[in-house]
Structures are given as structure tokens and as C-alpha cells.
Amino acid sequence: MTARPPDILFNTYTVLTAPGSGESTSVYLPPSIVAKNFSLFATVADINTNVIVALEGSIDGTNWSKIITNNTITANGTTHYNVANHPVKFIRPVFVSESGGTAATVLFSIAAAN
């Protein structure tokens, strides 16, 4: 019996120490993964006032749009966001901005599923 390929993708990115985008991740890996449902986990440390995070999607890897819009986080810890029915080929997490200082770090993890 042949094992069924996974239909979900998990990825944890390098910690961001300043606002910017994480690396792009291909979520179009047919036949097993043709993702359109996403979870974004943001783990914040050393927050001052707040940080804003988002998840962007792209069809061509060049032009990006937010599929999880800006979300403000006001405390250290892990927060997650979900979005359904947004078929894209690539995603990337975004540390949009930081208020009250420059010490915050953000560790992003994503899950992408069919």
C-alpha cells in the first residue's frame, strides 16, 4: 500500500528582529498540497507597546496582497490567525511595524492546507 502524501504544510521562519517580511513559502505543491487555508502563528517577545503582523499571499511570487490583514499584538506570547478559501501559490509572514521601542522580536510559524 502506498502512503498518501501529506495535504498540509508547516513552516517556522527565522526570528525577525525588526519590521520586514519573512521568506516566501511555496504552498502550491501538486498533487498533494494546493493550499487555500492558512494559519499564522506569531510569537512575540520583548514587546514595548505593540507590534503589527500580517500574512501576504501571491500568485506569481512578485505581487503580494494581504490575506490576513494587519493585526495588532499588545503582549508577549503566541497569537494565531486563520483564513480560509484564499488559493495562492506563495505566502509570507510580515512584521509590519513596532511601537514604543525597537526591542520586539517576532517568530512566525504557518500551516497551509488544502
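Here, every reference points to the structure presented above.
Residues numbered from 1 in each chain as written. Predicted model: local features only at pLDDT ≥ 70, side-chain atom pairs only at ≥ 80, totals over all residues. Heavy atoms only, no water.

**Things to note about the nonpolar core**
Right, on to step 1. Formed by 27 residues in total, the largest nonpolar core has its most connected members in F38, V51, I91 and F108.
Right, on to step 2. Only β6 (37-45), β7 (50-58), β8 (65-73), β9 (77-83), β10 (90-99) and β11 (105-113) provide two or more residues apiece to this core.
Right, on to step 3. For I91, the residues in contact, after removing those within four places along its chain, are Y13, E23, S24, T25, V27, F38, L55, E56, G57, W64, I67 and I110. (Core = buried A, V, L, I, M, F, W, Y, C linked by side-chain atoms within 4.5 Å. Buried < 20%, exposed > 50% of the residue type's maximum accessible area, 1.4 Å probe, protein only. Helix = DSSP H or I, 4+ residues; strand = E, 2+ residues; numbered from the N terminus. Contact = heavy atoms within 4.5 Å.)

**Considerations on unusual backbone geometry**
Right, on to step 1. In the segment running from P30 into P31, the intervening peptide bond is cis, with an omega of 5°.
Right, on to step 2. In this structure, P31 sits in the loop between β4 (28-29) and β5 (33-34).
Right, on to step 3. For D46, which is not a glycine, the phi torsion comes out positive at approximately 55°.
Right, on to step 4. By the element assignment, D46 lies in the loop between β6 and β7.
Right, on to step 5. Unusually for a residue other than glycine, N85 sits at a positive phi of about 60°.
Right, on to step 6. Following the sequence through the fold, N85 ends up in the loop between β9 and β10.

**A closer look at the environment of A54**
Right, on to step 1. The residue A54 is located in strand β7 in this model.
Right, on to step 2. Residue class for A54 comes out buried when judged on its relative accessible area of 0%.
Right, on to step 3. Remark: the alpha-carbon pair of A54 and T69, spanning 15 residues in sequence, is separated by 5.3 Å.
Right, on to step 4. When sequence neighbours within four positions are dropped, the list of residues in contact with A54 reads L40, K66, I68, T69, N70, R92, P93, V94 and V96.

In short, the description is geometric, and any link to function would need to be established separately.
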